[in-house]
Amino acid sequence: MDVQAMTTKGLLQNGLTLLSGGRWIEGEGGKSVVLDKFRLEPIAEARGATPQQVAAMIDAAHAAFKAGAPSPYERGAILDRAARIIEEKAEEVARVVQAESGFTANDAHGEVSRCIQTMKLSAEEARRLRGEVVPLSGAPGQDGRVAFTMRVPLGVVLAITPFNSPLNTVAHKLAPAFAAGNAVIAKPSSATPMTTVKLAEILIEAGMPAGFLSVLLGGGAIAQAAIEDERVRFIAFTGSTGVGRKIQQAAGLRRTQMELGSIAFTVVCDDADFNLALPKIVGASYRKAGQVCTSVQMALIHASRFDEAAEKLAERVRAVPYGDPANPDTYTGPLINEDEAKRVADWIDEAIAMGAARLVGGPREGAVVPPTLLTNVTPEMKVCSEEIFGPVLCLQPFETEEEAIERVNSTPFGLATGVFTNSLDRAFGFARKLEVGGVHINETSSSRVDLMPYGGSKDSGFGREGPYYAVHEMTEDRIITFTA
Ligand code: NAD
């Protein structure tokens, strides 16, 4: 497969991987090799930026912002056009995602169709951006004064993104940032840079003006070089909790959005419909090889139905096809690299050595870890106490709702929880007491619709994605008052 030609009009082939001031230029920094995640063979090479190139990129973005953003109408039109182009090129875009992420075609197409939604929703928000009238004359001595707020963009937005949603997570930052009138710099994961290059190419084709979109490639050090520049006014980050902490420290007084790690739970009550719950849990545990921040890592099952659930889940997990993501039947492909697969396999081995039972699973093959189902797990095991980010589902029984809620709330994280129950009382009890950003009744923790507010609490971060919410975060109120 000639990935480089397929991806980006030969941009990568010619080493033009940075977008700076509206021009594609060659990176002069460190080289990173993009691998086929299953075959572990190189498919592309991208050179990152140097600190000088970062500075020049921010110069251009800052100057573009200062010169003025296109009108909200034009911003909406550009984002709508981008949505149309992605629709037309869906197959091409999905192939880029698939080539560098190791996802199945289904997962790659899922990213593409959601990205189209994200673009369209952001276009709507560009046109809807508004402030509000402030009733000043309600205060003593202010009669006759008129006031309103304008929602104004912040300036240069830096979007730092992970590997596991290389298209839609990037879109969830670039599109609202531009809809709000900011100039945005995308810094994707070095494991999956080509999709961002492709998306940027489409946005340029859609009419994105020079300087309002930049692409910065490189690792953590290059991202830090950009953060150090105070002209970056907002940092939108999705990634691990550890890296999030470092970014937050460096951000100082500047605003950020932190979409961080998690241990995602789904609770199955004794009145749950197993025909609904179990297939959804299996789907959400092993999709993208479990590399989704809301993948079900822990399923808490009511003790009265635990054995039945374990048996039925084991049957389903055994039937999950895994291996080569190019095979159309595959559901669970490789992890992002062999080291990650080794780590996940080590955690499974550790759990078994500490007394866990492996109901389904098997030896790692390269970067592929077979879908794994564990029981008899305890909180001391890494599979329970840390984010596994792999195709591993742990089952634990619970007796009372309070116990289930306490289990979820006892982790440092709080992104999303699924609850399967047919009782409204219970549903509201969970909704009120779970300390997470989202509670999904009769869905798994992994349920997401792009227009919803999406984000975590506690160590899972703060701030909300979803174009309406993100535009709000990437703008601020300016009050204008008139005295007649
Ligand atoms: P990561 O934290 O290793 O990397 C994310 C991005 O940060 C990459 O672009 C990386 O180059 C950059 N980076 C690394 N070190 C940096 C530093 N010191 N300063 C600035 N930037 C730096 O994450 P990953 O392994 O790519 O992704 C997996 C993680 O992302 C998981 O923890 C997962 O839960 C999390 N995630 C969270 C959400 C959410 O919405 N909460 C969504 C997807 C993924």
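As named in an unreviewed UniProt entry, the protein is Succinate-semialdehyde dehydrogenase, taken from Actibacterium pelagium. UniProt annotates the protein under Sequence similarities (unreviewed entry) with the comment "Belongs to the aldehyde dehydrogenase family."

**Q** Explain the packing of helix α5 (residues 105-128) against helix α6 (residues 168-179) here, please?
**A** The description of two helices packed together rests on the angle between their axes and the distance between the axes. Across the interface, α5 lies against α6 with an axial gap of 9 Å and an inter-helix angle of 10 degrees. One element, α5, and the other, α6, form an angle in the roughly parallel class. When you trace α5 past α6, the crossing you get is right-handed. Facing α5, whose interface residues are Glu111, Arg114, Cys115, Thr118, Met119, Ser122 and Ala126, α6 presents Asn168, Ala171, His172, Ala175, Pro176 and Ala179. Residues belonging to the contact of α5 with α6 are distributed by class as follows: 7 nonpolar, 4 polar and 2 charged.

**Q** What should I look at first to understand the packing of aromatic side chains in this one?
**A** Tallied over the entire structure, the rule returns 4 aromatic pairs. Look at Phe163 and Phe389: their rings are 5.9 Å apart centre to centre, the planes differ by 85 degrees, and that puts the pair in the edge-to-face class. One end of the pair, Phe163, is in the loop between β7 (156-160) and α6; the other, Phe389, is in the loop between α13 (382-385) and β16 (392-398), with 226 residues separating them in the sequence. Exposure remark for Phe163: the relative accessible area of 16% places this residue in the buried category. By relative accessible area, which is 16% here, Phe389 ends up buried. Taking 6.1 Å as the distance between ring centres and 70 degrees as the angle between the ring planes, the aromatic pair formed by Phe178 and Phe212 counts as edge-to-face. A residue pair is termed long-range when its members are at least 10 positions apart, and Phe178 in helix α6 and Phe212 in the loop between α7 (194-205) and β9 (213-215) qualify at 34 residues.

**Q** Is there a simple way to explain the UniProt feature "domain: Aldehyde dehydrogenase" (unreviewed entry) in the protein in this structure?
**A** In the numbering used here, UniProt assigns the "domain: Aldehyde dehydrogenase" (unreviewed entry) feature to residues 24-478. Between the end C-alpha atoms of residues 24-478 there is a gap of 35 Å, over a span that is 41% helix and 19% strand.

**Q** Just checking my understanding: could you explain the site of the ligand for this structure?
**A** Around the ligand sit 26 residues, and of these Thr161, Lys187, Ser240, Leu260 and Glu387 come closest. For the ligand, an oxygen atom lies 2.7 Å from a polar atom in the backbone of Thr161. Taking Gly239, its main chain carries an N or O atom lying 3.4 Å from an oxygen atom of the ligand. Contact with the protein chains removes 86% of the 860 Å² of surface that the ligand exposes when unbound. Mapping the ligand onto the cavity grids shows that it belongs to the largest pocket. Domain assignment of the residues forming the shell around the ligand places at least three in each of domain 1 (3-260 + 462-483) and domain 2 (265-450).

**Q** Would you mind showing me how to read the sheet that holds strand β18 (residues 438-441) here?
**A** Strands pair in a sheet through their backbones, by hydrogen bonds, and they do so in one of two ways: parallel or antiparallel. Spatial strand order, β14-β15-β16-β13-β12-β17-β18: 7 strands in an open sheet with mixed pairing. Each edge of the open sheet is held by one strand with a lone partner, namely β14 (357-360) and β18. For this sheet, the mean inter-axis angle between neighbouring strands, taken without regard to orientation, is 25 degrees. With 4 bridges joining them, strand β17 (residues 416-420) and β18 adopt parallel strand pairing. The residue bridging Ala416 from the neighbouring strand is Gly438, located in β18. Of the strands in this sheet, β14, β15 (372-375) and β16 are in contact with helix α12 (residues 338-353), which crosses β15 at around 25 degrees.

**Q** In this structure, what is going on with the domain arrangement of the protein? I would like to understand it.
**A** Note: interface size is frequently given as the accessible area lost on complex formation between the parts. Here the domain parsing of the protein yields domain 1 (3-260 + 462-483) and domain 2 (265-450). Placing the centre of domain 1 and that of domain 2 at their C-alpha centroids yields a distance of 31 Å. Overall, the association of domain 1 and domain 2 removes approximately 2,000 Å² of surface from exposure, summing both partners, and the carbon and sulfur fraction of that is 55%. When residues of domain 1 are sorted by the area they lose upon contact with domain 2, Phe38, Arg114 and Phe163 head the list and together hold 25% of the total. Connecting domain 1 to domain 2 are 4 salt bridges. We note a salt bridge from Asp324 to Arg39, for which the minimum N-O separation is 2.5 Å. The interface formed by domain 1 and domain 2 includes 11 residue pairs in polar contact (both at pLDDT 80 or more). Looking at the side of domain 1 that touches domain 2, the elements that each hand over two or more residues are α4 (90-101), α5 and α6.

Definitions and cut-offs
Residue numbers here run from 1 along each chain, matching the order of that chain's written sequence. Local features in a predicted model are, by the rule used here, given only for residues with pLDDT of at least 70; side-chain atom pairs are given and counted only at 80 or more, and totals for whole chains, interfaces and linings are based on all residues. As a rule here, side-chain values come from all non-hydrogen atoms in the structure, and water together with hydrogens is ignored. UniProt positions are given in the numbering used here, feature names are shortened, and annotations may be inferred rather than shown by experiment. Each axis is a line fitted through C-alpha atoms, and for a helix only the stretch in contact is used; angles between axes span 0 to 180 degrees, taken between their N-to-C directions. Per the convention used, a helix needs a DSSP run of H or I reaching at least four residues, while a strand needs a run of E reaching at least two, with both numbered from the N terminus. For classification purposes, angles smaller than 35 degrees are called roughly parallel, those larger than 145 roughly antiparallel, those between 65 and 115 roughly perpendicular, and all remaining angles oblique. By definition, any crossing whose near helix is turned counterclockwise from its far helix by less than a right angle is left-handed, and any crossing with a clockwise turn is right-handed. It only takes one pair of heavy atoms within 4.5 Å for two residues to be counted as in contact. For this scheme, ten residues count as nonpolar: Ala, Val, Leu, Ile, Met, Phe, Trp, Tyr, Cys and Pro. Four count as charged, namely Asp, Glu, Lys and Arg, and the remainder, Gly too, count as polar. Only Phe, Tyr and Trp rings take part, Trp by its six-membered ring, and two of them pair if their centres are within 6.5 Å. Stacked means planes under 30 degrees apart, edge-to-face means over 60, and tilted covers everything else. The cut-offs for exposure are 20% and 50% of the maximum accessible area for each residue type, with area from a 1.4 Å probe on protein chains only; residues under the lower value are buried, those over the upper are exposed, and the others partly exposed. Whether a residue is near a molecule or strand depends on its heavy atoms: it is near if one of them lies within 4 Å of it. Polar contact criterion, stated in full: a pair of N or O atoms within 3.5 Å, where within protein one must be able to donate a hydrogen and the other to accept it, and residues adjacent in sequence count only if both atoms are side-chain atoms. The method behind every accessible area is Shrake-Rupley, applied with a 1.4 Å probe, and residues are considered shielded solely by the protein chains displayed. A cavity, in this analysis, means grid points on a 1 Å lattice covering only the protein atoms where a 1.4 Å probe fits yet has no way out; a pocket is instead an open set bounded by protein on both sides within 12 Å along at least five of seven lines, and a residue lines either one if it has an atom within 4 Å of a point. Think of it this way: a molecule belongs to a cavity or pocket when more than half its atoms come within 2 Å of the grid points there. For the purposes of this description, domain bounds are those given by an automatic or database domain assignment. A pair of strands counts as paired when DSSP detects no fewer than two bridges linking them. Once two parts are brought into contact, the accessible area they lose, counted with a 1.4 Å probe and summed over both, makes up the buried area. In what follows, salt bridge is the name for a side-chain nitrogen of Lys or Arg lying within 4 Å of a carboxyl oxygen of Asp or Glu.

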